[in-house]
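Architecture at a glance
Listed below are the residues making up each chain.
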Amino acid sequence: MSRLAILVLLSLAVFEVSAKLQNVTVKGIAVCNKRRMANSHVILIDKDTLDPNDELAQIHTNKEGEFELFGEEDEIGKIEPYIRIHHSCNTKPGCERVSEYQIPQEKIGEVYDMTYVTLDIIVHGEKTICN
């Protein structure tokens, strides 16, 4: 085996050893025009720089618009979690909006209670997808 291949394998082994398990719990209530949004798809994601983002958990809001997600990931640095919500608040029929919300770094290892997530407010970078 070439020296370069051995060096790469050793580097990867060092990175694996230095990674640590980190977690976050996110909960909240999805609302649209002051009404709770049932059945919105909520995904907890860890943003990665060099490889594809990691999906940590997903759920649909209950009939009261409530959600709670727990996710954990082995990372060398700090995890960069955010939630993505697919919803139909203020959309045309056959369309859905996709909104993303960052999780504060100080909430890593804790419970981040977003309380009410107001989906009628358009967030930066939001997308609308229509069939």
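The protein appears in an unreviewed UniProt entry as Transthyretin-like family protein from Caenorhabditis elegans. Note on the protein: under the UniProt heading Sequence similarities (unreviewed entry), the record states "Belongs to the nematode transthyretin-like family." Turning to the protein, the UniProt annotation filed under Subcellular location (unreviewed entry) states: "Secreted".

1. Quick look at the pattern of salt bridges
Should the charged atoms of two oppositely charged side chains come close, the side chains can pair. This structure, assessed with the given rule, holds three salt bridges. The closest approach of N and O atoms between Arg36 and Glu66, which form a salt bridge, is 3.7 Å. With Arg36 in strand S2 (residues 35-36) and Glu66 in strand S5 (residues 66-75), this residue pair connects regions lying 30 residues apart in the sequence. Accessibility expressed as a relative area gives 37% for Arg36, which makes it partly exposed. Its salt-bridge partner being Arg97, residue Glu126 comes within 2.5 Å of it at the nearest N-O pair. Residue Glu126 is found in the loop between strand S8 (111-118) and strand S9 (127-130), and its partner Arg97 is found in strand S7 (residues 95-102); the two are separated by 29 residues along the sequence. As far as burial versus exposure is concerned, Glu126 and Arg97 are alike and both buried.

2. Quick word on the environment of Asn90
Counting through the fold element by element, Asn90 comes out in the loop between strand S6 (81-87) and S7. Remark: the alpha-carbon pair of Asn90 and Leu119, spanning 29 residues in sequence, is separated by 8.6 Å. Setting aside anything within four residues of it in sequence, one finds Asn90 in contact with Cys32, Asn33, Arg97 and Asp120. At 2.9 Å, the side chain of Asn90 and the side chain of Asn33 are in polar contact.

3. What about the nonpolar core?
Within soluble globular proteins, side chains that are nonpolar generally end up buried alongside one another. The biggest cluster of nonpolar side chains holds 21 residues, and the ones touching the most others in it are Val26, Leu44, Phe67, Ile83, Tyr101, Met114 and Leu119. Counting residues per element, the ones that place at least two in this core are strand S1 (20-32), strand S3 (41-46), strand S4 (54-60), S5, S6 and S8. Sort the elements by how many residues they give to this core and S1 lands first, with four residues. Beyond its immediate sequence surroundings of up to four residues, Leu44 is in contact with Val24, Val26, Asp54, Glu55, Leu56, Ala57, Leu69, Phe70, Gly71, Pro81, Tyr82 and Ile83.

4. Comments concerning the state of the cysteines
Considering all chains together, one arrives at two disulfides under this definition. Here Cys32 is linked by a disulfide to Cys89, with a sulfur-sulfur distance of 2.1 Å. The S-S bond linking Cys32 to Cys89 shows a torsion near 80°; that makes this disulfide right-handed. One end of the pair, Cys32, is in strand S1; the other, Cys89, is in the loop between S6 and S7, with 57 residues separating them in the sequence. The two residues Cys32 and Cys89 agree in class, both being buried. The connectivity of the disulfide-linked cysteines in the protein, indexed sequentially, is 1-2, 3-4.

Thresholds applied
Throughout this document, residue positions are counted from 1 along each chain, in the order its sequence is written. Per-residue local features of the predicted model are confined to residues with pLDDT of at least 70, and side-chain atom pairs are confined, for both listing and counting, to 80 or more; whole-chain, interface and lining totals are unaffected and use all residues. Derived side-chain values reflect all non-hydrogen atoms in the structure, with water molecules and hydrogen atoms excluded from consideration. UniProt positions are given in the numbering used here, feature names are shortened, and annotations may be inferred rather than shown by experiment. Any Lys or Arg side-chain nitrogen found within 4 Å of a carboxyl oxygen on Asp or Glu counts as a salt bridge. To qualify as a helix, a DSSP run of H or I must reach at least 4 residues; to qualify as a strand, a run of E must reach at least 2; elements of each kind are numbered from the N terminus. With a 1.4 Å probe rolled over the protein chains alone, any residue whose accessible area is under 20% of its type maximum counts as buried; one over 50% counts as exposed, and the rest are partly exposed. Contacts: residue pairs with any heavy atoms within 4.5 Å of one another. In the analysis that follows, any N or O atom pair within 3.5 Å is treated as a polar contact, provided that within protein one partner can donate a hydrogen and the other can accept it, and provided that, for residues neighboring in sequence, both atoms belong to side chains. For the purposes of this section, nonpolar cores are sets of buried Ala, Val, Leu, Ile, Met, Phe, Trp, Tyr and Cys residues that join through side-chain atoms within 4.5 Å. Two cysteine sulfurs form what is called a disulfide whenever their separation falls within 2.5 Å.

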